[in-house]
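Report on the structure
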Amino acid sequence: MYRCGANVNAGHIRFNWNRYIDYADNLLNSMFDDEDDEVKDRCGISRAYYGAFHRAQAYLNKIGITVDVNNRGSHNRVIEQFKGIGKANRLWFGIGLDLERLKNQRKKADYDDKYFAPAEKNSILKKQLEIAILKARSVVDKINNIEEQESNR
């Protein structure tokens, strides 16, 4: 049985945060259409956010903008870095906006015990997971595009 993060990074190799997004996708694809598995939906939304967040934070560190993720408010600081730089660059602003929306989804999934009314919960929560995965992949793709543009200079 695969356990998220268990002994995966036992050496000095950096963890690939995209694996969290892949894990969220695996959770989504492991559900049947009529299955009500709120735990998978909520965990998937959270993992999708953290995959995108850590990829964004790692990129900021790479270019010399250090944000300590162990301090209070670090998530907002990462988002604000992208949105602030994004005032002059739409791609950066898009990353900040996607991260902000993902963070809001993650907070709701992690803390709101009444995410949706029971009759809506199954299909809508699963749809929220699909949206979270798409946004997380969008963040990663946009950062990859920025890195590619930088390497072509």
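This text follows the structure it describes.
Each value, and the rule that gives it
Residues numbered from 1 in each chain as written. Predicted model: local features only at pLDDT ≥ 70, side-chain atom pairs only at ≥ 80, totals over all residues. Heavy atoms only, no water. Helix = DSSP H or I, 4+ residues; strand = E, 2+ residues; numbered from the N terminus. Buried < 20%, exposed > 50% of the residue type's maximum accessible area, 1.4 Å probe, protein only. Expected span 1.5 Å × (residues − 1). Core = buried A, V, L, I, M, F, W, Y, C linked by side-chain atoms within 4.5 Å. Contact = heavy atoms within 4.5 Å. Salt bridge = Lys/Arg side-chain N within 4 Å of Asp/Glu carboxyl O.

A few words now on the environment of Ile131. The topology assignment puts Ile131 in helix α5 (residues 118-151). The exposure class assigned to Ile131 is partly exposed, which follows from its relative accessible area of 29%. Taking C-alpha positions, Ile131 is 9.5 Å from Gln105, a pair spaced 26 residues apart along the chain.

In this section: helix α2 (residues 38-62). Between its first and last C-alpha atoms α2 spans 36 Å; for 25 residues at 1.5 Å apiece the expected length is 36 Å, and the two agree. Among the 25 residues that make up α2, 19 are buried, leaving the element largely enclosed by the rest of the structure. Residue Gly64 follows α2 closely and has a positive phi angle near 95°.

Turning to the nonpolar core, a few remarks are in order. If you look at the biggest cluster of nonpolar residues, it comprises 34 residues, and the most contacted ones within it are Val78, Phe82 and Leu99. At the level of elements, α1 (18-29), α2, α3 (74-85), α4 (90-111) and α5 are the ones that each hand at least two residues to this core. Among residues more than four places away in sequence, those in contact with Val78 are Phe53, Ala56, Gln57, Leu60, Val67 and Leu99.

A separate point is the pattern of salt bridges. Taken as a whole, this structure holds nine salt bridges when the rule is applied. Between Asp22 and Arg137 there is a salt bridge; the shortest N-O distance is 3.2 Å. Of this pair, Asp22 sits in helix α1 while Arg137 sits in helix α5, and the two are 115 residues apart along the sequence. By relative accessible area, Arg137 is classed as partly exposed at 30%. The residue Glu147 makes a salt bridge to Lys62 at a minimum N-O spacing of 3.0 Å. One end of the pair, Glu147, is in helix α5; the other, Lys62, is in helix α2, with 85 residues separating them in the sequence. Of the residues examined, Lys62 reaches a relative accessible area of 57% and is grouped as exposed.

Turning to its location among the elements, Asp98 is positioned in helix α4. Looking at Asp98, the relative accessible area reads 10%, which means it is buried. Excluding anything up to four places from it in sequence, Asp98 contacts Lys135, Ser138, Val139 and Lys142.

The quantities given are spatial measurements derived from coordinates; they are silent on function.
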